[in-house]
Protein chains: 2
Amino acid sequence: MAKEFTVTPWEVKGDIDYDKLVKQFGVKLLDDNILKRLEKLTGELHYFLKRKVFFSHMYFDSILNDAETKKKFYLYTGRAPSGPVHLGHLIPWIFCKWLQDKFDAHLLFQIPDEEKFLFKENLTLEDTKKWAYENILDIIAVGFDSKKTKIFLDTEYAGHMYKYACMMAKKTTFSTVKALFGFTDSNNLGEIFYTTMQSVPAFLPTIMEGKPTQCLIPCAIDQNPHFNLSRDVAPKIGFPKPTTILCRFLPSLAEGGKMSASIESTSIFTHDTPEQVRNKILKYAFSGGRDTVEEHREKGGVPEIDVSYQYLTYYLADDKKLKQIYEDYKSGKMLTGELKGIAIEVINRFLKNHQAKREKAKDQIEKFMLRD
Amino acid sequence: MAKEFTVTPWEVKGDIDYDKLVKQFGVKLLDDNILKRLEKLTGELHYFLKRKVFFSHMYFDSILNDAETKKKFYLYTGRAPSGPVHLGHLIPWIFCKWLQDKFDAHLLFQIPDEEKFLFKENLTLEDTKKWAYENILDIIAVGFDSKKTKIFLDTEYAGHMYKYACMMAKKTTFSTVKALFGFTDSNNLGEIFYTTMQSVPAFLPTIMEGKPTQCLIPCAIDQNPHFNLSRDVAPKIGFPKPTTILCRFLPSLAEGGKMSASIESTSIFTHDTPEQVRNKILKYAFSGGRDTVEEHREKGGVPEIDVSYQYLTYYLADDKKLKQIYEDYKSGKMLTGELKGIAIEVINRFLKNHQAKREKAKDQIEKFMLRD
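Parameters and conventions
- Position numbers for residues start from 1 in each chain and track the written sequence from start to end.
- Going through the entries in the order they are written, you letter the chains from A and number the ligands from 1.
- This being a predicted model, a pLDDT of at least 70 is required before a residue's local features are given, and a value of 80 or more before pairs of side-chain atoms are given or counted; all residues contribute to the totals for chains, interfaces and linings.
- Based on all heavy atoms of the structure, the side-chain values leave hydrogens and waters out of the count.
- C-alpha atoms of residues with pLDDT of at least 70 in both copies form the basis for the least-squares superposition of the copies.
- The contact rule is simple, with two residues in contact once any of their heavy atoms fall within 4.5 Å.
- Salt bridges are counted wherever a side-chain nitrogen of Lys or Arg sits within 4 Å of a carboxyl oxygen of Asp or Glu.
- Numbering of helices and strands runs from the N terminus, with a helix taken as a DSSP run of H or I at least four residues long and a strand as a DSSP run of E at least two residues long.
- Summary of the burial criterion: residues with accessible area below 20% of their type's maximum are buried, those above 50% are exposed, and those between are partly exposed, where the area comes from a 1.4 Å probe applied to protein chains only.
- Think of it this way: a Phe, Tyr or Trp ring, Trp meaning its six-membered ring, pairs with another when their centres are within 6.5 Å, and the plane angle makes it stacked under 30 degrees, edge-to-face over 60, tilted otherwise.
- Put simply, a charge is over a ring when the Lys NZ or the Arg CZ is close to the ring centre, within 6 Å, and near the line of the ring normal, within 35 degrees.
- Whether two strands pair depends on DSSP finding at least two bridges between them.
- Pairing of N or O atoms within 3.5 Å defines a polar contact, subject to two protein rules: one partner must be a possible hydrogen donor and the other a possible acceptor, and residues neighboring in sequence count only if both atoms are side-chain atoms.
- Directions from the helix axis toward the C-beta atoms define the arc.
- Buried area is a sum: the accessible area each of two parts loses on coming together, probed at 1.4 Å, counted once for each and added.
- Between N-to-C directions, angles cover 0 to 180 degrees, with each direction set by a line fitted to C-alpha atoms, over the stretch in contact for helices.
- By definition in this entry, angles of less than 35 degrees are roughly parallel, angles greater than 145 are roughly antiparallel, angles of 65 to 115 are roughly perpendicular, and the rest are oblique.
- The handedness criterion is simple: a crossing whose near helix is rotated anticlockwise from the far helix by less than a right angle is left-handed, and one whose near helix is rotated clockwise is right-handed.
- Charged means Asp, Glu, Lys or Arg here, nonpolar means Ala, Val, Leu, Ile, Met, Phe, Trp, Tyr, Cys or Pro, and polar covers whatever is left, Gly included.
- Handedness is read with the strands pointing away from the viewer; a crossover is right-handed when the path from the first strand over the helix to the second is clockwise.
- Take the buried Ala, Val, Leu, Ile, Met, Phe, Trp, Tyr and Cys residues and link them wherever side-chain atoms come within 4.5 Å; each set so joined is a nonpolar core.

(A) Highlighting the relation of the copies chain A and chain B. Of the two same-sequence chains, chain A is brought onto chain B (RMSD 0.1 Å, axial shift 0.0 Å) by a rotation of 180 degrees. On this basis, the relationship between the two copies can be described by a two-fold rotation axis. Distance from the rotation axis, computed per C-alpha, reaches its smallest value in chain A at glycine 159 of chain A: 1.9 Å. The overlap is high: 100% of the interface residues of chain A also sit at the interface in chain B, so the same surface is used on both sides.

Rendered as structure tokens:
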């Protein structure tokens, strides 16, 4: 039986039943028909799609309609800065880059530096701004096209956003956000208003192009309630309805729950050293192995619950290799120690490359920033 | 017995009992002690003070403390654009100009072009922006010093405001604004957030000067609840508490209530022609005269309820002349027709001058606007 779980844009806890969540959020699974249409356009499917890391959506088919008729659409994703970037944060960004490359699409990258400030008691705007610039290095390191990617901080770009936030705000009552986000009278005015600021970038493509232009938002599923609201309001204020394509959460190293920057020991950060990654995985990565080597050889491991294996589904692109690992672990041929060794190697290889690109990103920030 | 009345920043109705309102809003009357301190600094008192047009305040004494020790303070007032400017709107602006001249003070003039858009169903942002520029001509026509006066629209200047609005918003719950403004769950998110944007200009002096700098807000008393809230929050976010100096409302031409741009026939607009002013006053100005000339000559008129006389208290600076008119009308020597004639002449003289300056203002807008 599934345990209780909670998923809101500001809280994810418990053992998430994604089937239930899909129904609860009123989104759809990415079915074979949609994936075939996408593959026809892109020539191949990203392994995130084949492995159902990106697994659900809200009207992604209307983006395919535009793509099939060569109509321009924008991508939009974001990062609320309140700490260092971990491996989970990167998933939608990596997928965004793939979409950008395949569709030659513009990407708007929102840094809502006010969001966590408003929702976390002890965080200052100086803190979030500091993290914003740290996080932007990770974003640039993903490899976006600087000519087609614009990054902006809400507190800096508000002069171009507040007007549209007000348009959305006029059409949204407190009752609505109470029901949608579970707010109460004790929520602060910034928390209450914030959802409108997160919607605005979905309207910017139309403003920037000067004609109705669709927007696809690749993000983790917890963010969908914002865009569900944007969809309701968009036609009332003259914008196309935004669409989403949604991913699961990268699990925490420990059993259950998603990776969370606030629990350092069970998260792998982009700044971690190879030694730190090694230690964390050896020490904390929840294992699907058996109690003894004998039992493991006999019954085999359970890759479905093994966190190291899960990480490989996110970070090992090679389908064949992954299949082999799955089979070897499942059959008992591969022990947990070996599996952890592979995960450590794959992640450290990824991070070495990422960290080098992150270092280079320090000179590229201004090319990406949307200042005015 | 006083009738029921309502005064909020968005609704003023009924027969206002200012003594009750002062208690309800927790503000103080401008007493002789304060007025004497002010007169010592300025050399004279503006007739608005002598006649109790400006009659109450919130910590105006702390501004006097600064003025007495030659410390710099700023003025801040505003205009929510949703229609043409009438004679009532000008009162705080005229007083601001006097304060600016006397104290050589910087003035921040906020044009919250989102406010009425958020609070009025049928108003668009295009409407409010159009009115913003119309109204700015009236503001400039009042004669402010362009070197010391900065005018800004919220939707244009939000890039410099939103951050501070969030700081205030974080410290203000929905419960608080429910109690303060009578909001319910049916209010929209923009209405709920708006008060933070109206507070921000009170913090800007400190930001602009780079050190704690007090702000005095001359405005009509209905706006005080916003600044009461700003005072509560300011020290929590590191700003000096704003102070206010508050005026009564210019009455409507009809009996009871304040002049309101939404009732055209009983308001005098700055664009009215001499003929329109004449017709409106003759037709609508509520009279304190008696039913017949004989009765009037015998018992005398009642200047206290006569709207033409009230307008003279706002627009006829000459104390001696006003006193003579009061006595002549009260004694029955002056008839209502004569009193109306004087009011028409005084107002038309004022408007002729204002309209000429308003015409010249068309070339001066950019000197006043705070764009970035």
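(B) Structural detail: the pattern of salt bridges. For the structure on display, the rule yields 40 salt bridges over all chains. Of the charged contacts in the structure, one is a salt bridge between glutamate 345 of chain B and arginine 349 of chain B, with a shortest N-O distance of 3.4 Å. Remark: arginine 349 of chain B and glutamate 345 of chain B occur in helix H17 (residues 336-361); sequence separation between them is four residues, near one turn of the helix. Residue class for arginine 349 of chain B comes out partly exposed when judged on its relative accessible area of 48%. One network of salt bridges, in which partners are shared, links Lys129, Glu156, Glu366 and Arg371 of chain A.

(C) Representation of the packing of aromatic side chains in the model. Across all of its chains, the model carries 48 aromatic pairs over all chains by this definition. Look at phenylalanine 119 of chain B and phenylalanine 183 of chain B: their rings are 6.3 Å apart centre to centre, the planes differ by 40 degrees, and that puts the pair in the tilted class. One end of the pair, phenylalanine 119 of chain B, is in helix H6 (residues 115-119); the other, phenylalanine 183 of chain B, is in the loop between helix H10 (174-181) and helix H11 (189-209), and 64 residues separate them in sequence. Phenylalanine 183 of chain B gets classed as buried once you look at its relative accessible area, which sits at 7%. Centre to centre, the rings of phenylalanine 152 of chain B and tyrosine 157 of chain B are 5.0 Å apart; their planes meet at 45 degrees, and the pair counts as tilted. Tyrosine 157 of chain B gets classed as buried once you look at its relative accessible area, which sits at 5%. Here the aromatic residues Trp10, Phe119, Phe181, Phe183 and Tyr194 of chain A are joined through ring pairs into a cluster of three or more. Here lysine 170 of chain A stacks its cationic end above the ring of phenylalanine 117 of chain B, 4.2 Å away from the centre of that ring. In this arrangement the basic side chain of arginine 248 of chain A is found over the ring face of phenylalanine 55 of chain A, its NZ or CZ atom lying 4.5 Å from the centre.

(D) Broad picture of the sheet that holds strand S5 (residues 73-78) of chain A. Here we have seven strands laid out as an open sheet, ordered S3-S4-S9-S8-S5-S6-S7 (chain A), and mixed in their pairing. At either end of the open sheet lies a strand with only one pairing partner, and these are strand S3 (28-29) and strand S7 (149-153) of chain A.

(E) Region of the structure containing the environment of aspartate 101 of chain B. Residue and element names in this part refer to chain B. Position of aspartate 101 among the secondary structure elements: in helix H5 (residues 87-103). What makes aspartate 101 partly exposed here is its relative accessible area of 47%. Expressed as a C-alpha distance, the spacing of aspartate 101 and glutamate 366, which sit 265 residues apart in the sequence, is 21 Å. Within the local environment of aspartate 101, its side chain forms a polar contact with the side chain of lysine 97, the two groups lying 2.7 Å apart.

(F) A look at helix H13 (residues 274-284) of chain B. All names here are of chain B. What H13 keeps buried is the set Val277, Lys280 and Ile281. Along the axis of H13, the buried positions cluster into a sector of 95 degrees, meaning they face one direction only. Contacts from the buried residues of H13 go to helix H15 (307-315) and H17.

(G) A look at the interface of chain A and chain B. Tallying the contact residues gives 36 residues for chain A and 36 residues for chain B. In total, about 3,100 Å² of surface goes out of reach between chain A and chain B, with carbon and sulfur atoms giving 66% of it. Of all residues in chain A, Tyr162, Lys170 and Leu189 of chain A give up the largest surface area on contact with chain B, accounting jointly for 27% of the area buried on that side. Counting the contacts that link chain A with chain B gives two salt bridges. With a shortest N-O distance of 2.5 Å, aspartate 185 of chain B and lysine 178 of chain A are connected by a salt bridge. At the boundary of chain A and chain B, one finds 22 residue pairs in polar contact (both at pLDDT 80 or more). At the level of elements, helix H6 (115-119), helix H8 (154-157), helix H9 (162-170), helix H10 (174-181) and helix H11 (189-209) of chain A are the ones that each hand at least two residues to the side of chain A that touches chain B. With seven residues, H11 of chain A is the single largest residue contributor to the side of chain A that touches chain B.

(H) Structural detail: the packing of helix H15 (residues 307-315) of chain A against helix H16 (residues 319-331) of chain A. Residues and elements named next belong to chain A. Where H15 contacts H16, the axes come no closer than 10 Å and their chain directions differ by 165 degrees. On the basis of their axis angle, the class for H15 and H16 is roughly antiparallel. Relative to H16, the crossing made by H15 is left-handed. Residues Tyr309, Leu312 and Thr313 of H15 form the contact with H16, whose participating residues are Leu322, Ile325 and Tyr326. The residue inventory of the contact of H15 with H16, partitioned by class, reads five nonpolar, one polar and no charged.

(I) Examining the packing of helix H7 (residues 125-141) of chain B against H17 of chain B more closely. Residues and elements named next belong to chain B. Between H7 and H17, the least distance of the axes is 8 Å, while the angle of their chain directions is 115 degrees. Note on packing geometry: the crossing formed by H7 with H17 is right-handed. Counted together, Glu134, Leu137, Asp138, Ile140 and Ala141 of H7 and His354, Lys357, Arg358 and Ala361 of H17 form the full contact between these two elements. In the contact of H7 with H17, the residues fall into four nonpolar, one polar and four charged.

(J) Region of interest: the sheet that holds strand S8 (residues 214-220) of chain B. Residues and elements named next belong to chain B. Read across the open sheet, the seven strands follow the order S3-S4-S9-S8-S5-S6-S7; overall the sheet is mixed. Both outer strands of the open sheet, strand S3 (28-29) and strand S7 (149-153), are each paired with one neighbouring strand and no more. Sheet topology note: the S3/strand S4 (residues 54-58) ladder contains two bridges and is antiparallel. Within the sheet, the bridge partner assigned to lysine 28 lies in S4 and is histidine 57. On top of the sheet, H11 reaches strand S5 (73-78), strand S6 (106-111), S7 and S8; it is set at about 155 degrees to S6, its chief contact.

(K) Region of the structure containing the environment of glutamate 68 of chain A. Considering the arrangement of structural elements, one finds glutamate 68 of chain A in helix H4 (residues 60-68). In this structure glutamate 68 of chain A touches Arg37 and Leu41 of chain A, once residues within four positions along its chain are discounted.

(L) Seen up close, the pairing of S5 of chain B. Residue and element names in this part refer to chain B. Judged by how many residues are buried, S5 sits mostly within the fold: five of six residues are covered. Alignment of S5 against S8, held across three bridges, turns out to be parallel. Paired with leucine 75 across the strands is leucine 216, a residue of S8. Since S5 and S6 lie parallel, the crossover through H5 that links them has a hand, and here it is right-handed.

(M) Main features of unusual backbone geometry. With phi around 60 degrees, tyrosine 59 of chain A is a residue other than glycine that occupies positive phi space. With respect to the element layout, tyrosine 59 of chain A can be found in the loop between strand S4 (54-58) and H4. Relative accessible area serves as the criterion here: at 46%, tyrosine 59 of chain A is assigned to the partly exposed category. A positive phi angle, near 50 degrees, is found at aspartate 104 of chain B, a position not held by glycine. With respect to the helices and strands, aspartate 104 of chain B occurs in the loop between H5 and S6.

(N) Expanded view of the nonpolar core. Of all hydrophobic cores here, the largest spans 253 residues; its most connected members are Leu49, Phe54 and Ile268 of chain A together with Leu49, Phe54 and Ile268 of chain B. No other element matches the ten residues that helix H5 (residues 87-103) of chain A contributes to this core. With residues near it in sequence (within four places) discarded, leucine 49 of chain A still touches Leu30, Leu35, Leu38, Phe54, Phe95, Trp98 and Ile245 of chain A.

Such coordinate-based values are descriptive only and should not be taken to indicate function.
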